[in-house]
Amino acid sequence: VGLSLLSAVSSEFESLVCSTLKEFEDLAVSLTTQNRQILDALTRRLRFVAPTARLFDTAQSTMSMDRAFRLMWDLYQLDGDDQFRRHIVVGDNHHDILDIQ
């Protein structure tokens, strides 16, 4: 989830992704104690990109979530008792992806 959220802001923030809780704690401590200038630069950059970032586009996020729920419901109705696992990616401009797993 963290990578997708950071990517929705800007690919510049993907370097902040951590694989473990320990990595996350170490990064947080480092940014707040030893690398305060980096944290300040990240904060300034976030303020700059936030107005145009997909993560903060509430209207588009709402429409995408609505499309995902409608798609899940449609699939549920089509499958009946034979439920398949599917990976659903709701894309921009109604280009949704389904993978049967």
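Residues numbered from 1 in each chain as written. Predicted model: local features only at pLDDT ≥ 70, side-chain atom pairs only at ≥ 80, totals over all residues. Heavy atoms only, no water.

Colleague: Can you lay out the pattern of salt bridges for me, pointing to particular residues and giving the numbers?
Modeller: The final tally for this structure, using the stated rule, is 3 salt bridges. The shortest N-O distance in the salt bridge between D26 and K22 comes to 3.0 Å. Of this pair, D26 and K22 both sit in helix α2 (residues 21-33), separated by 4 residues, roughly a single helical turn. A relative accessible area of 41% means that D26 is categorised as partly exposed. (Salt bridge = Lys/Arg side-chain N within 4 Å of Asp/Glu carboxyl O. Helix = DSSP H or I, 4+ residues; strand = E, 2+ residues; numbered from the N terminus. Buried < 20%, exposed > 50% of the residue type's maximum accessible area, 1.4 Å probe, protein only.)

Colleague: Report on the confidence of the model for the protein chain, specifying residues and quantitative values.
Modeller: Of the residues in the protein chain, 82% have a pLDDT of 70 or more, and the chain-wide mean is 80. Confidence, expressed as mean pLDDT per element, reaches its minimum in the protein chain at strand β2 (residues 97-100) with 53 and its maximum at α2 with 91. (pLDDT = per-residue confidence, 0-100.)

Colleague: A description of the environment of V9 should follow, citing residues and the corresponding values.
Modeller: Locating V9 in the fold gives a position in helix α1 (residues 2-9). In sequence terms V9 and L46 are 37 residues apart; their C-alpha atoms lie 7.8 Å from each other. For V9, the contacting residues outside a window of four places in its chain are L46, V49, A53, L55 and F56. (Contact = heavy atoms within 4.5 Å.)

Colleague: Tell me about the layout of surface pockets, residues and numbers included.
Modeller: In this structure, the largest pocket spans a volume of roughly 480 Å³. Along the walls of the largest pocket sit 13 residues, with A8, R54, S61, S64 and V90 positioned nearest its centre. Elements represented by at least two residues in the lining of the largest pocket include exactly α1 and α4 (58-79). Considering each element in turn, the lining of the largest pocket owes the most residues, 5 residues, to α4. In terms of residue class, the lining of the largest pocket is made up of 6 nonpolar, 4 polar and 3 charged. Of the voids in this model, the second largest pocket is the one considered here, and its volume is about 290 Å³. Considering the residues around the second largest pocket, the lining is formed by 12 residues, among which L6, L16, C18, F24 and L27 are closest to the centre. (1 Å grid on protein atoms, 1.4 Å probe; cavity = no way out; pocket = protein on both sides within 12 Å on 5 of 7 lines; lining within 4 Å. Points joined across faces, edges and corners; volume = space filled by probe spheres on them. Nonpolar A, V, L, I, M, F, W, Y, C, P; charged D, E, K, R; others polar.)

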